[in-house]
Amino acid sequence: MALLESIRQSAPALHRAFASLADGEQHLQRLVELDGYWERLKQPAPRVVLPASALPCNAVIRGEYELIYAGGTLSMFHAAVMARRYGRKVMVFDCHTPATSTRDWNISWEELLRLREVGLFSEAELDSVVVRRYRDGWVEFYQPDGKQKRLTIEHVLDCAVDTGTLLALAQAKLLEVAGCATFAGYTFECCYQLPDGVVVQIKTSNGEQHFYKCRLLLDVMGILSPIAMQLNAGR
C-alpha cells in the first residue's frame, strides 16, 4: 500500500493536504525519510567505511571510475567540471533521482557567474535559468520596541534560479563526456578502503547489490550521510 493511502483514515487532514499536491506521495516519503534521520541519531552509528579485508570474496566490480559521487544534487556541478575541464571519468548516483531538487534556489549573480568562469556554462545558459532578479534585499534584527534598523544589502541573493533546469543542464554536460555516468535509485550501503582506491557497495531500487571501484569517493549525502555519522561518532 502506498504511504499516502495508508494514512487516509488515521490522518485524514494530512492525507488531504498531500493528496492535493503534485507528487504528494513522493513529498510525504521524503518527509518520513528525513524524520527517520532523528531516530537514527539515537542509535549507534553504523560502520560503513570498512577495510579491504571485509570486501566479499564474490564481489564483482561492475565499473571503474576516477571519481564517484554519492549524492546527486549539488555534486552535479562539481562532477561536470571535473569531467569536462579536467577529463576525469566520473559517476554520480542518488537514492532518488540525480540532478533534481525539491525547491528553487536564491543565489547571487556574481556567484552564478563562477560556473561560467570554470567553463561549465555560457552566460546565456545561466541567464536562461534565472526566473527572477532582485534590485536589493534587507535584513532586520528584532527589537521589542519595534525600533529595529533595516540594513539594505545589494548584490546578495539577487537571483531566483530554476534549479531543476540548471541541474539538468549540468547533468547533460556531464553525460557528454565519454565514460561518465549517472544512476537513479542507487543507495549507498558501505565502502571498502583498498591500497589503490575505494570499492563502493550500492543497493539498487530492486534490491540488487552492485560494486563499483574508484580512486576517490566523494560523500555528498548531506545530513543523512552514514559516512559522516561514522566519522563523527553519530553526532
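It should be emphasised that the depicted structure is a prediction, and the values quoted were computed from it without experimental measurement.

Here is what the cut-offs are and how they apply
- Residues numbered from 1 in each chain as written.
- Predicted model: local features only at pLDDT ≥ 70, side-chain atom pairs only at ≥ 80, totals over all residues.
- Heavy atoms only, no water.
- Helix = DSSP H or I, 4+ residues; strand = E, 2+ residues; numbered from the N terminus.
- Contact = heavy atoms within 4.5 Å.
- Areas by Shrake-Rupley, 256 points an atom, 1.4 Å probe, with all protein chains shown as cover.
- Lys, Arg positive; Asp, Glu negative; His and termini not counted.
- Charge placed at Lys NZ, Arg CZ, Asp CG, Glu CD.
- Phe/Tyr/Trp six-rings, centres within 6.5 Å; stacked < 30°, edge-to-face > 60°.
- Buried < 20%, exposed > 50% of the residue type's maximum accessible area, 1.4 Å probe, protein only.
- Lys NZ or Arg CZ within 6 Å of the ring centre and 35° of its normal.
- Salt bridge = Lys/Arg side-chain N within 4 Å of Asp/Glu carboxyl O.

Student: Give me the overall build of the protein chain: which residues, what numbers.
Tutor: When helices and strands are counted, the protein chain shows nine helices and 12 strands. Reported as C-alpha extents along the three principal axes, the dimensions of the protein chain are approximately 70 × 55 × 35 Å. Across the protein chain, every contact between residues at least 6 apart in sequence was considered, and the portion connecting residues at least 24 apart equals 63%. Of the accessible surface of the protein chain, which amounts to about 14,200 Å², a share of 53% is contributed by carbon and sulfur atoms. Where the 25 positive side-chain charges of the protein chain centre and where its 27 negative ones centre are 3 Å apart.

Student: Go over the packing of aromatic side chains, please, and point to the residues and values.
Tutor: What the rule picks out here adds up to six aromatic pairs. When the ring of phenylalanine 77 is compared with that of tryptophan 105, the centres are 6.1 Å apart and the planes differ by 65°; the resulting orientation is edge-to-face. A residue pair is termed long-range when its members are at least 10 positions apart, and phenylalanine 77 in helix H4 (residues 75-84) and tryptophan 105 in strand E4 (residues 105-107) qualify at 28 residues. Of the two residues, phenylalanine 77 and tryptophan 105, neither departs from the other in class, the shared state being buried. Judged by centre distance (5.9 Å) and plane angle (40°), the rings of phenylalanine 183 and tyrosine 212 are tilted. Taken together, the residues span a long stretch of sequence, with phenylalanine 183 in strand E9 (residues 181-184) and tyrosine 212 in strand E12 (residues 209-219) at a distance of 29 residues. With relative accessibility at 22%, the residue phenylalanine 183 sits in the partly exposed group. Classification of tyrosine 212 as buried rests on a relative accessible area of 4%. An aromatic cluster is present here, built from Tyr65, Phe183, Tyr186 and Tyr212 joined pairwise through their rings. Taking the ring centre of tryptophan 109 as reference, the NZ or CZ of arginine 133 above it sits at 4.4 Å. Lying over the aromatic face of tryptophan 138, arginine 150 brings its terminal NZ or CZ to 3.7 Å of the ring centre.

Student: Which residues make up the pattern of salt bridges, and what values go with them?
Tutor: Tallying each qualifying case throughout the model produces 11 salt bridges. Across the pair aspartate 136 and arginine 135 runs a salt bridge whose closest N-O atoms are separated by 3.8 Å. In this structure arginine 135 comes out as exposed when scored by relative accessible area, which is 72%. Put simply, lysine 213 and aspartate 196 hold a salt bridge, and the shortest N to O gap is 2.9 Å. One end of the pair, lysine 213, is in strand E12; the other, aspartate 196, is in the loop between strand E10 (187-194) and strand E11 (197-203), and 17 residues separate them in sequence. Taking the relative accessible area as the measure of exposure, lysine 213 reaches 17% and is therefore buried. Within the structure, one salt-bridge network assembled from shared partners comprises Glu66, Arg88 and Arg215.

Student: Can you tell me about unusual backbone geometry, naming the residues and giving the values?
Tutor: One non-glycine residue, histidine 155, lies in positive phi territory at about 65°. On the accessibility criterion, histidine 155 (57% relative accessible area) is exposed. For leucine 157, which is not a glycine, the phi torsion comes out positive at approximately 50°. Considering the arrangement of structural elements, one finds leucine 157 in the loop between strand E7 (150-154) and strand E8 (159-161).

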